[in-house]
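# Structure at a glance
Below are the chains, spelled out letter by letter.
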Amino acid sequence: MPKIIGGSLNAHREQVRARVFTALRNQLYERGFDAITLAGVAAEAELGRTAMYNHFPDKESLLVAFVEEEAAQYVRRLEAAVDAASDPVDQLAVFVRLQLRALSEYHLPPGGALATTLGPASYRRIAAHADPITERLRTILTDGMAAGRLPEEDPDLLIPMITSALASRQIIDVPAEQLDAAIAGAVRFILRAVGVKTGK
């Protein structure tokens, strides 16, 4: 019987998943999803191939589980950061900054490419994690309009325009020392786009 780590079966599963996700994250950063193999992830996570397959039978199931975990953590971080700002304009700036920071940290294929990497059911599972993020953006915009901090506009028009702008890796594909300035410029752009006078 394989050795149990963490003192209980549940703790064992969580620690195995954490090790596997850390290994996957490292390999995504180094070489991209297409070059990753389950055997390679298992080796870096110091797991036997059989143990790996017990948790993740194929690369697609590993990617889905990883994205679901990362997305859940990100939504919690986003909610806490946005809630810490009371003004809707500040909340929108926080939202934009965090979206771009997340884009700079993750190394998965963008939406369209991801759809071709995964089967339809798996892609739908991953895409569903964007729903709370989109709804939070909607709340920020509608609260800002209700408070008179943003001009009245149809959120259904603004949301896809904002999310499309924030999905471009060109914004954050800059040398590390230029990333803060690039994100600050993007924040100013989005704020101006929704009608906020930024003074710059």
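The structure under discussion appears in the preceding block.
Below you will find a few notes about this structure. Bear in mind the structure is a predicted one, so any value in this text is a computation, not a measurement.

## A few points about the nonpolar core
Within the largest apolar cluster, 33 residues are counted, with the highest numbers of intra-cluster contacts made by Leu92, Leu100, Leu141, Ile162 and Val194. Only helix H4 (59-83), helix H5 (88-105), helix H8 (131-146), helix H9 (155-166) and helix H10 (179-193) provide two or more residues apiece to this core. Top contributing element to this core by residue count: H5, with ten residues. Core analysis: the next-biggest nonpolar cluster, separate from the first, contains 20 residues, Val16, Leu24, Val41 and Ala42 among them.

## Some remarks on H10
Relative to the 21 Å expected for 15 residues at 1.5 Å per residue, H10 spans 21 Å between its end C-alpha atoms, a close match to the ideal helical length. Looking at H10, one finds that the buried residues are Leu179, Ile183, Ala186, Val187, Ile190 and Leu191. One face of H10 carries all of its buried residues, which in axial projection span an arc of 135 degrees. Turning to H10, the residues buried within the fold contact H5 and H9. The positive-phi residue at the C-terminal boundary of H10 is Gly195, with phi of around 105 degrees.

## A look at the packing of aromatic side chains
The geometry of an aromatic ring pair is captured by two quantities: the separation of the ring centres and the angle between the planes. Counted according to the given criterion, the structure contains two aromatic pairs. Between Phe21 and Phe56, the aromatic rings sit 5.9 Å apart at their centres with planes inclined by 45 degrees, giving tilted as the arrangement. In this pair, Phe21 is assigned in helix H1 (residues 9-31) and Phe56 in the loop between helix H3 (49-55) and H4, connecting sequence segments 35 residues apart. The buried category is assigned to Phe56, whose relative accessible area is 3%.

## Points about unusual backbone geometry
Even without being glycine, Glu46 reaches a positive phi, approximately 60 degrees. The class of Glu46 is exposed, set by a relative accessible area of 67%.

Criteria and thresholds
- Residues numbered from 1 in each chain as written.
- Predicted model: local features only at pLDDT ≥ 70, side-chain atom pairs only at ≥ 80, totals over all residues.
- Heavy atoms only, no water.
- Core = buried A, V, L, I, M, F, W, Y, C linked by side-chain atoms within 4.5 Å.
- Buried < 20%, exposed > 50% of the residue type's maximum accessible area, 1.4 Å probe, protein only.
- Helix = DSSP H or I, 4+ residues; strand = E, 2+ residues; numbered from the N terminus.
- Expected span 1.5 Å × (residues − 1).
- Arc of directions from axis to C-beta.
- Contact = heavy atoms within 4.5 Å.
- Phe/Tyr/Trp six-rings, centres within 6.5 Å; stacked < 30°, edge-to-face > 60°.

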